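Architecture at a glance
Listed below are the residues making up each chain.
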Amino acid sequence: MAYWLMKSEPETFGIEHLKARSTALWDGVRNYQARNFLRQMAVGDEALFYHSNTKVPGIVGQMTISRAGYPDPTQFDPHHKYYDPKSTLDNPRWTGVDVKFGEIWSKQLPLEQLRLMPELESLALVRRGNRLSLMPVSPAEWQAIMKKHQSL
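Residues numbered from 1 in each chain as written. Predicted model: local features only at pLDDT ≥ 70, side-chain atom pairs only at ≥ 80, totals over all residues. Heavy atoms only, no water.

In this section: the overall build of the protein chain. Each helix and strand in the protein chain was counted, giving five helices and six strands. Helices (α) and strands (β) of the protein chain occur, in sequence order from the N terminus, as β-α-α-β-α-β-β-β-α-β-α. Relative to the globule expectation of 15 Å for 152 residues, the C-alpha radius of gyration of the protein chain, 15 Å, shows essentially globular dimensions. Along the first, second and third principal axes, the C-alpha atoms of the protein chain reach 50 × 30 × 30 Å. Out of the 152 residues belonging to the protein chain, those deemed buried represent 44%. For the protein chain, contacts bridging at least 24 residues in sequence account for 72% of all contacts bridging at least 6. With 19 positive and 16 negative side-chain charges, the protein chain shows a spacing of 4 Å between the two charge centroids. (Helix = DSSP H or I, 4+ residues; strand = E, 2+ residues; numbered from the N terminus. Rg over C-alpha atoms; globule rule 2.2 N^0.38 Å. Buried < 20%, exposed > 50% of the residue type's maximum accessible area, 1.4 Å probe, protein only. Contact = heavy atoms within 4.5 Å. Lys, Arg positive; Asp, Glu negative; His and termini not counted. Charge placed at Lys NZ, Arg CZ, Asp CG, Glu CD.)

Shown next, in the form of structure tokens:
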């Protein structure tokens, strides 16, 4: 099992949206490094749901990968904002995964608190200027985040 952190803007697709749907496609990733991470995800991997581009960004809950990477269907729809005319059915450029709702945390774990945790100094999220929408989390980082969450 691997661990991940996946970022989304709460107005676009927040954890409440996922809770309402139970399972949803994580689509619209248009960064090659993030896409490659999506391709590494496996059914049963655990992920942290992170609200970004908000007044107080941070981890708001958990989810599980319920379907491994497959071609993101939005890349083929010319009416969709994530349409990619260079992507073809024979050679899709973009990947999505299905995620299953796990839980909403009673208290958010804000980015500023995460930055203060020495155990997370290697986590891409806490580095200034990081714009990746998803990233791997090591088992040690996952345990540190879970411990901090439980102490809130």
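A few words now on the packing of aromatic side chains. Scanning the entire structure with this criterion turns up six aromatic pairs. Lying across the ring of tyrosine 70, arginine 67 places its NZ or CZ 3.5 Å from the centre. (Phe/Tyr/Trp six-rings, centres within 6.5 Å; stacked < 30°, edge-to-face > 60°. Lys NZ or Arg CZ within 6 Å of the ring centre and 35° of its normal.)

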